[in-house]
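So you can see what is in the structure, the chains are spelled out below.
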Amino acid sequence: MEFDKIFINNALLLAPMEDVTDLPFRVICKRQGADIVYSEFIASEGIVRDSARSKQKMEIAEEERPCAIQIFGHDVENMVKSAKVVEDSGADFIDINYGCWVKKVVTRNAGAALLKDPDKMAEMTRRVAESVDIPVTVKTRLGWSKDEIVILKVAPMLEQAGAKALAVHCRTRDQGMKGPVDWNWIPRIKEVVGIPVILNGDVITPEDTKRAFEATGCDAVMIGRGAIGNPFLFKRSKLYLQSGELPPEPSAEERINVCLGHLELSLKYKGFPRGLYEFRKHYGGYLKGLFNASSVRQKLVVAGSFEECSRLLQDYLEYLVKEDRI
Ligand SMILES: Cc1cc2nc3c(=O)[nH]c(=O)nc-3n(C[C@H](O)[C@H](O)[C@H](O)COP(=O)(O)O)c2cc1C
C-alpha cells in the first residue's frame, strides 16, 4: 500500500506512546476520529527473538486501520529482520523511532541517539525501507540539544533514504518532555523535503490543532498526551477545523459510554483479569472533572468484573442526574 493512499489532508494522528497506545486505546481513538494510529515502540531485538510480548504489541484490529507499528533499535540487521516480521504481521506501515529520549534507549544507541549519527540514521532507514513493501515513515526530534539542531540536514537524508513521511516532535532530546516546543521548525522542514511533515508536540486542545495547521502549514498533526483520558479530542478538533465553532465538551453520559466501550475492548483483546486490571489507570481520565468522581473511581479500581464496573458507572450517572450535575 502506498503511503499517499493512507495519508489524507489535515490528518489527525494518534502518537505512539509506550504503555498507552495499546490496541484497545487505539481503537477508541479511531472511533473518536483519529485518522491514523501508531503502536507503542517495540524493540527490534524483542521482535527478532520472537518474544510473546512483542507479538502481542504487533496485534492490529481491522477496525483501527491504518495502523503503524513503530520499531526501534541500534542494530541495522535486527531492524531489517524485525521490519519483515512487522510486515508479515499485517501492519499498514512501519514507523522508525529516532526520537525516544529516555536513558535506557539512548545509552544503547537507539531512538534519539541516532540524531548524533545522521549517516547511520539514513542507512538504517534505507535498509528498512528496501526490505519491505509497506511504507516506512520516521519519527524524530529537532536534534540532540539546542546547540545541535540537525533536523534540516537530516530530513532530506531521510526522504532520500525512502521515508514516506516525517513526524517531528518539536523539542530536542535534551528537553525530554519539558520546556517549550518550537513549531517554527515545521515550515522550514517543509521547505527542504517533499514528503508529508507531521507536527508533534503540545497539541492538547482543538484550538491548538487549528493553530498548528494554520501557523505551520504542516501536513498532519500528531497528538500524544492530549489524547490520554481524552480521546474525544480527535472528533472535537475535526469539527472545529471544519466549522470554526468549538464543539461542547463530551457529556458525562458520553464519557461513561466511551469508558465502558474501552473496557469492553480491553477485556476482549487482553482477556480476564488482565484486561480489567490494566484498564484501571483509565478511569481517572474518563471521569476527570465530573462531580464527586473520586467516590466512584475508588470503587471502580477494586471492582472485579465488567458487570460490576458497568453497574457502578450507570449508578454514578443516575446520581449525577439526580444531583443535577450533568
Ligand atoms: C507515556 C508516553 C510514552 C511515549 N512512548 C513513545 C513511543 O513509544 N514512541 C515514540 O515515538 N514516542 C513516544 N512518546 C512521545 C510521544 O509520541 C510524543 O512525541 C510526545 O508525547 C510529544 O507529543 P504530545 O505533546 O502530543 O504528547 C511517548 C510519550 C509519552 C507521554
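All values derive from a computational prediction rather than experimental measurement. (Residues numbered from 1 in each chain as written. Predicted model: local features only at pLDDT ≥ 70, side-chain atom pairs only at ≥ 80, totals over all residues.)

1. Thoughts on the overall build of the chain
As a reminder, the rule being used: By definition, any uninterrupted DSSP run of H or I lasting at least four residues is a helix, any uninterrupted run of E lasting at least two residues is a strand, and each is numbered from the N terminus. With the radius of gyration taken over C-alpha atoms, the globule rule is written as 2.2 Å times the number of residues to the power 0.38. Exposure classes come from backbone-placed C-beta atoms, where a residue is buried if 20 or more other C-beta atoms lie within 10 Å of its own, exposed if 12 or fewer do, and partly exposed in between.
For the chain, the helix and strand inventory stands at 16 helices and eight strands. Taking 2.2 N^0.38 as the reference for a compact globule, 326 residues should give roughly 20 Å; the C-alpha atoms of the chain span a radius of gyration of 20 Å, in line with that estimate. Taking the principal axes of the C-alpha coordinates as reference, the chain spans close to 65 × 45 × 35 Å. Residues classed as buried in the chain amount to 46% of the 326 residues present.

2. Some points on the sheet that holds strand β1 (residues 11–14)
To be explicit about the condition: A pair of strands counts as paired when DSSP detects no fewer than two bridges linking them. To get an axis, a line is fitted to the C-alpha atoms, and for a helix only the part in contact is used. The angle between two axes follows their N-to-C directions and goes from 0 to 180 degrees. Our contact criterion uses C-beta atoms placed from the backbone: two residues qualify when those atoms are within 7 Å.
Read around the closed barrel, eight strands run β1-β2-β3-β4-β5-β6-β7-β8, paired in parallel fashion. The mean inter-strand angle of the sheet, taken between neighbouring strand axes irrespective of direction, is 25°. Here helix α2 (residues 23–31) sits on the sheet and contacts β1, β2 (36–43) and β3 (67–72); the angle it forms with β2, its principal contact strand, is near 160°. Lying over the sheet, helix α5 (residues 76–88) contacts β3 and β4 (93–98), oriented at roughly 160° with respect to β3.

3. Things to note about the site of the ligand
Selection rule: In this entry, near means the residue's backbone-placed C-beta atom lies within 6 Å of the molecule or strand. Just so you know the grouping, Ala, Val, Leu, Ile, Met, Phe, Trp, Tyr, Cys and Pro go in nonpolar, Asp, Glu, Lys and Arg go in charged, and all remaining residues, Gly too, go in polar.
Near the ligand lie 21 residues; those nearest to it are A15, M17, F41, G224 and R225. When the residues that make up the shell around the ligand are grouped by side-chain class, the tally is eight nonpolar, eight polar and five charged.

4. What to know about helix α12 (residues 252–270)
What counts here: Expected helix span is taken as 1.5 Å per residue step, with the number of steps being one fewer than the number of residues.
Here α12 is 19 residues long and its end C-alpha atoms lie 26 Å apart, about the 27 Å a rise of 1.5 Å per residue gives. Turning to α12, its buried residues are A252, R255, I256, C259, H262, L263, L265, S266 and L267.

5. Structural notes on the packing of α2 against α12
Defined as follows: If you view the pair so one helix is near and one far, a crossing is left-handed when the near helix is turned anticlockwise from the far one by less than a right angle, and right-handed when it is turned clockwise.
Between α2 and α12, the shortest axis-to-axis distance is 8 Å and the interhelical angle comes to 140°. The interaxial crossing formed by α2 with α12 has right-handed handedness. In this structure, α2 uses L23, P24, V27 and I28 to contact α12, whose residues at the interface are V258, G261, H262, L265, S266 and Y269.

6. Structural notes on the nonpolar core
Side chains of nonpolar character tend, in soluble globular proteins, to be buried together. Our working definition: As used here, a nonpolar core is made of buried Ala, Val, Leu, Ile, Met, Phe, Trp, Tyr and Cys residues. They are joined through C-beta atoms within 7 Å.
Membership of the largest hydrophobic core comes to 83 residues, with the highest contact counts inside it found for L13, I71, I94, L166, V168 and I198. The element contributing the most residues to this core is β2, with six residues. Ignoring anything within four residues of it in the chain, the contact list for L13 reads A34, D35, I36, Y38, I198, A220, V221, M222 and I223. Membership of the second largest hydrophobic core comes to 15 residues, among which are Y286, L287, L300 and C309.

7. A closer look at the domain arrangement of the chain
Filter applied, for reference: The domain limits used here are those given by an automatic or database domain assignment.
Per the domain assignment, the segments of the chain are domain 1 (3–243) and domain 2 (252–322). Taken over C-alpha atoms, the centre of domain 1 sits 30 Å from the centre of domain 2. In this assembly, eight residues from domain 1 lie in contact with 10 residues from domain 2. Of the residues that constitute the side of domain 1 that touches domain 2, the class distribution is six nonpolar, two polar and no charged.

8. Remarks on the pairing of β4
Threshold: Assignment of crossover handedness uses the view with strands pointing away from the viewer, where a clockwise path from the first strand over the helix to the second indicates a right-handed crossover.
Burial analysis of β4 places six of its six residues in the buried class, the great majority of the element. Where burial is concerned, the two faces of β4 agree: the one with F93, D95 and N97 and the one with I94, I96 and Y98 are both buried. Relative to β4, β3 is paired through four bridges, and the arrangement is parallel. Pairing of Q70 across the sheet is with D95, part of β4. Read from β3 through α5 to β4, the crossover connection turns out right-handed. Where β4 meets strand β5 (residues 136–141), five bridges bridge the pair, whose relative direction is parallel. Following the sheet pairing, Y98 is matched in β5 by T140.

9. Remarks on unusual backbone geometry
Geometrically, the link from R65 to P66 is a cis peptide bond, its omega value of 0° lying close to zero. Tracing the backbone through its elements, the reader meets P66 in the loop between α4 (52–57) and β3. Residues other than glycine seldom take positive phi values, yet N292 does so here, at roughly 50°. Take N292: it is sitting in the loop between α14 (283–287) and α15 (293–300).

10. Description of the pairing of β1
Looking down a regular strand, the side chains alternate between one sheet face and the other. Inspection of the sheet shows β1 paired to strand β8 (residues 220–223) by four bridges, in the parallel sense. Looking at β8, one finds that L12 is bridged to V221. Bridge count between β1 and β2: two bridges; the pairing is parallel. The partner of L14 across the bridge, within β2, is V37.

11. Considering the environment of K120
Its location among the elements puts K120 in helix α7 (residues 118–131). As for K120 and H74, which are separated by 46 residues in sequence, their C-alpha atoms are 9.3 Å apart.

12. Here's the deal with the environment of Y283
Among the structural elements, Y283 can be located in helix α14. By C-beta crowding, Y283 is classed as buried, having 23 other C-beta atoms within 10 Å. Setting aside its immediate chain neighbours within four residues, Y283 contacts R297, L300 and V301.

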